[in-house]
Amino acid sequence: VVATFLGVLAAQFKAELDRERGRRQDVEAVAARFAANFVTYDYRSLDDSLERIRDDATAKFGNEYERLFRTSVRTLITETKAQSRGTVTDVFVGELDDEAANVLTVLNVERQGISGRVPVAGTYLELALVRSGGTWKVDNVTAINSTQAGAPPPGSGAPAAPGATTTTSVAG
(Lines give C-alpha, C1' and ligand atoms only; values in the text may rest on other atoms or scores of the structure.)
Protein backbone atom coordinates (compact mmCIF):
# COMPACT_ATOMS: atom_id res chain seq x y z
CA VAL A 1 0.00 0.00 0.00
CA VAL A 2 2.76 2.44 0.92
CA ALA A 3 4.69 1.59 -2.24
CA THR A 4 1.57 2.18 -4.37
CA PHE A 5 0.95 5.52 -2.64
CA LEU A 6 4.55 6.61 -3.17
CA GLY A 7 4.39 5.51 -6.82
CA VAL A 8 1.24 7.59 -7.40
CA LEU A 9 2.78 10.54 -5.60
CA ALA A 10 5.96 10.30 -7.68
CA ALA A 11 3.91 10.14 -10.90
CA GLN A 12 1.98 13.27 -9.86
CA PHE A 13 5.18 15.16 -9.08
CA LYS A 14 6.70 14.10 -12.39
CA ALA A 15 3.59 15.23 -14.30
CA GLU A 16 3.70 18.63 -12.56
CA LEU A 17 7.42 18.98 -13.26
CA ASP A 18 6.81 18.15 -16.93
CA ARG A 19 4.03 20.80 -17.12
CA GLU A 20 6.31 23.39 -15.51
CA ARG A 21 9.16 22.51 -17.87
CA GLY A 22 6.81 22.78 -20.87
CA ARG A 23 5.52 26.22 -19.73
CA ARG A 24 9.08 27.42 -19.21
CA GLN A 25 10.18 26.23 -22.66
CA ASP A 26 7.14 27.87 -24.30
CA VAL A 27 7.83 31.16 -22.51
CA GLU A 28 11.54 31.06 -23.42
CA ALA A 29 10.73 30.47 -27.10
CA VAL A 30 8.25 33.36 -27.35
CA ALA A 31 10.48 35.72 -25.35
CA ALA A 32 13.56 34.97 -27.46
CA ARG A 33 11.69 35.35 -30.74
CA PHE A 34 9.99 38.58 -29.63
CA ALA A 35 13.21 40.12 -28.27
CA ALA A 36 15.11 39.41 -31.47
CA ASN A 37 12.25 40.79 -33.57
CA PHE A 38 11.95 43.86 -31.33
CA VAL A 39 15.47 45.01 -32.23
CA THR A 40 15.57 43.65 -35.79
CA TYR A 41 14.36 45.87 -38.62
CA ASP A 42 15.23 47.16 -42.05
CA TYR A 43 14.12 50.57 -43.29
CA ARG A 44 13.16 48.94 -46.61
CA SER A 45 10.67 46.48 -45.07
CA LEU A 46 9.27 48.08 -41.93
CA ASP A 47 5.79 46.60 -42.27
CA ASP A 48 7.34 43.13 -42.00
CA SER A 49 9.11 44.17 -38.80
CA LEU A 50 5.91 45.55 -37.34
CA GLU A 51 4.00 42.38 -38.19
CA ARG A 52 6.60 40.18 -36.46
CA ILE A 53 6.21 42.25 -33.29
CA ARG A 54 2.41 42.06 -33.44
CA ASP A 55 2.53 38.26 -33.90
CA ASP A 56 3.91 37.76 -30.38
CA ALA A 57 2.25 40.73 -28.63
CA THR A 58 -1.08 41.12 -26.89
CA ALA A 59 -3.60 43.20 -28.80
CA LYS A 60 -3.14 46.06 -26.32
CA PHE A 61 0.64 46.18 -26.59
CA GLY A 62 0.56 45.54 -30.34
CA ASN A 63 -1.86 48.43 -30.93
CA GLU A 64 0.17 50.83 -28.76
CA TYR A 65 3.40 49.81 -30.45
CA GLU A 66 1.90 50.15 -33.93
CA ARG A 67 0.53 53.63 -33.16
CA LEU A 68 3.92 54.83 -31.93
CA PHE A 69 5.75 53.05 -34.73
CA ARG A 70 3.59 54.61 -37.45
CA THR A 71 3.60 58.13 -35.98
CA SER A 72 7.30 58.56 -35.25
CA VAL A 73 9.61 55.55 -35.17
CA ARG A 74 9.05 54.73 -38.84
CA THR A 75 10.16 58.21 -39.89
CA LEU A 76 13.32 58.06 -37.78
CA ILE A 77 14.30 54.63 -39.14
CA THR A 78 13.54 55.59 -42.74
CA GLU A 79 15.35 58.94 -42.62
CA THR A 80 18.49 57.34 -41.20
CA LYS A 81 18.27 54.29 -43.51
CA ALA A 82 18.57 52.21 -40.37
CA GLN A 83 18.98 48.46 -40.28
CA SER A 84 19.33 46.43 -37.12
CA ARG A 85 19.77 42.77 -36.32
CA GLY A 86 19.49 41.28 -32.85
CA THR A 87 20.75 37.92 -31.70
CA VAL A 88 19.52 36.55 -28.38
CA THR A 89 22.36 35.23 -26.23
CA ASP A 90 20.46 34.43 -23.00
CA VAL A 91 16.90 34.11 -21.74
CA PHE A 92 16.21 34.12 -17.99
CA VAL A 93 12.69 33.20 -16.89
CA GLY A 94 11.80 34.71 -13.53
CA GLU A 95 8.33 34.52 -12.04
CA LEU A 96 6.18 32.03 -13.92
CA ASP A 97 2.70 30.68 -13.33
CA ASP A 98 -0.12 29.45 -15.54
CA GLU A 99 -1.10 32.96 -16.70
CA ALA A 100 1.93 35.26 -16.48
CA ALA A 101 5.71 35.27 -16.74
CA ASN A 102 8.55 37.75 -16.35
CA VAL A 103 11.59 37.23 -18.54
CA LEU A 104 14.94 38.96 -18.99
CA THR A 105 16.51 38.62 -22.43
CA VAL A 106 20.09 39.46 -23.34
CA LEU A 107 20.90 40.32 -26.95
CA ASN A 108 23.75 41.41 -29.13
CA VAL A 109 22.62 44.02 -31.62
CA GLU A 110 24.29 45.28 -34.76
CA ARG A 111 22.90 48.48 -36.23
CA GLN A 112 23.86 50.37 -39.33
CA GLY A 113 22.60 53.39 -41.18
CA ILE A 114 23.80 56.60 -42.72
CA SER A 115 26.11 57.22 -39.76
CA GLY A 116 27.86 53.83 -40.03
CA ARG A 117 27.84 50.49 -38.26
CA VAL A 118 27.42 50.13 -34.49
CA PRO A 119 27.72 46.70 -32.86
CA VAL A 120 26.41 46.54 -29.29
CA ALA A 121 26.85 43.58 -26.97
CA GLY A 122 24.69 43.14 -23.90
CA THR A 123 21.33 44.73 -24.70
CA TYR A 124 18.75 43.82 -22.03
CA LEU A 125 14.99 43.63 -22.48
CA GLU A 126 12.67 42.71 -19.64
CA LEU A 127 9.44 41.22 -20.97
CA ALA A 128 6.11 40.67 -19.24
CA LEU A 129 4.21 37.82 -20.88
CA VAL A 130 0.62 36.75 -20.36
CA ARG A 131 -1.27 33.71 -21.52
CA SER A 132 -3.81 34.81 -24.13
CA GLY A 133 -5.97 32.45 -26.15
CA GLY A 134 -3.83 29.49 -25.10
CA THR A 135 -0.53 31.06 -26.18
CA TRP A 136 2.04 33.28 -24.54
CA LYS A 137 2.05 36.94 -25.65
CA VAL A 138 4.25 39.89 -24.68
CA ASP A 139 2.27 42.55 -22.83
CA ASN A 140 5.05 44.94 -21.80
CA VAL A 141 8.69 45.66 -22.60
CA THR A 142 11.21 47.42 -20.41
CA ALA A 143 14.46 48.32 -22.15
CA ILE A 144 17.30 48.30 -19.63
CA ASN A 145 20.34 50.39 -20.61
CA SER A 146 18.68 51.01 -23.97
CA THR A 147 20.98 53.90 -24.86
CA GLN A 148 23.79 51.31 -24.88
CA ALA A 149 21.82 49.42 -27.50
CA GLY A 150 21.92 52.31 -29.92
CA ALA A 151 18.44 53.52 -29.04
CA PRO A 152 17.88 57.25 -29.30
CA PRO A 153 19.20 58.98 -26.18
CA PRO A 154 16.80 60.80 -23.88
CA GLY A 155 16.00 64.27 -25.18
CA SER A 156 16.74 63.37 -28.80
CA GLY A 157 13.09 63.69 -29.70
CA ALA A 158 12.83 60.04 -30.68
CA PRO A 159 10.31 58.07 -28.61
CA ALA A 160 10.87 54.85 -26.74
CA ALA A 161 8.61 51.86 -27.32
CA PRO A 162 5.19 52.04 -25.63
CA GLY A 163 5.32 50.82 -22.06
CA ALA A 164 9.12 50.78 -22.20
CA THR A 165 11.27 52.53 -19.69
CA THR A 166 14.98 53.04 -19.61
CA THR A 167 16.65 51.87 -16.44
CA THR A 168 20.23 52.71 -15.64
CA SER A 169 22.11 51.09 -12.78
CA VAL A 170 25.20 52.60 -11.27
CA ALA A 171 27.53 50.32 -9.35
CA GLY A 172 29.33 51.66 -6.39
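Residues numbered from 1 in each chain as written. Predicted model: local features only at pLDDT ≥ 70, side-chain atom pairs only at ≥ 80, totals over all residues. Heavy atoms only, no water.

1. Thoughts on unusual backbone geometry
Stated precisely, the cut-off is as follows: Note on conventions: DSSP H or I runs of at least 4 residues are helices, E runs of at least 2 residues are strands, and numbering of each starts at the N terminus.
One non-glycine residue, Lys81, lies in positive phi territory at about 50°. Relative to the helices and strands, Lys81 resides in the loop between helix 3 (59-79) and strand 2 (83-96).

2. A word on helix 3
To keep things clear, this is the line we draw: Helix span, as expected, comes to 1.5 Å for every residue beyond the first. By definition, a residue's bend is the angle between the axes fitted to the seven residues ending there and the seven starting there. Exposure classes here rest on a 1.4 Å probe applied to the protein chains alone. A residue is buried below 20% of its type maximum, exposed above 50%, and partly exposed in between.
Across its 21 residues, helix 3 extends 28 Å between first and last C-alpha, which sits within 8% of the 30 Å expected from 1.5 Å per residue. If you look at helix 3, its biggest bend is around 55°, right at Phe69. All of the buried residues in helix 3 are Phe61, Gly62, Tyr65, Leu68, Phe69, Val73 and Ile77.

3. Structural notes on the confidence of the model for the protein chain
This is how the line gets drawn: What pLDDT reports is the predictor's confidence in each residue, on a scale of 0 through 100. Two residues form a contact once any of their heavy atoms are found within 4.5 Å.
Summary statistics for the protein chain give a mean pLDDT of 83 and a share of 83% for residues scoring 70 or more. Of all helices and strands in the protein chain, the one with the weakest mean pLDDT is strand 6 (residues 166-167) (39), whereas strand 1 (residues 41-42) scores best (96). Across residues 147-172, confidence stays below pLDDT 50; counting only partners more than four residues off in sequence or on other chains, it has 43 contacts.

4. Structural notes on the environment of Glu99
Here Glu99 is to be found in the loop between strand 2 and strand 3 (100-113). Spatially, the C-alpha atom of Glu99 lies 8.1 Å from that of Ser132, the residues being 33 residues apart in sequence. With near-sequence residues (within four places) excluded, Glu99 lies in contact with Leu129, Val130, Arg131 and Trp136.

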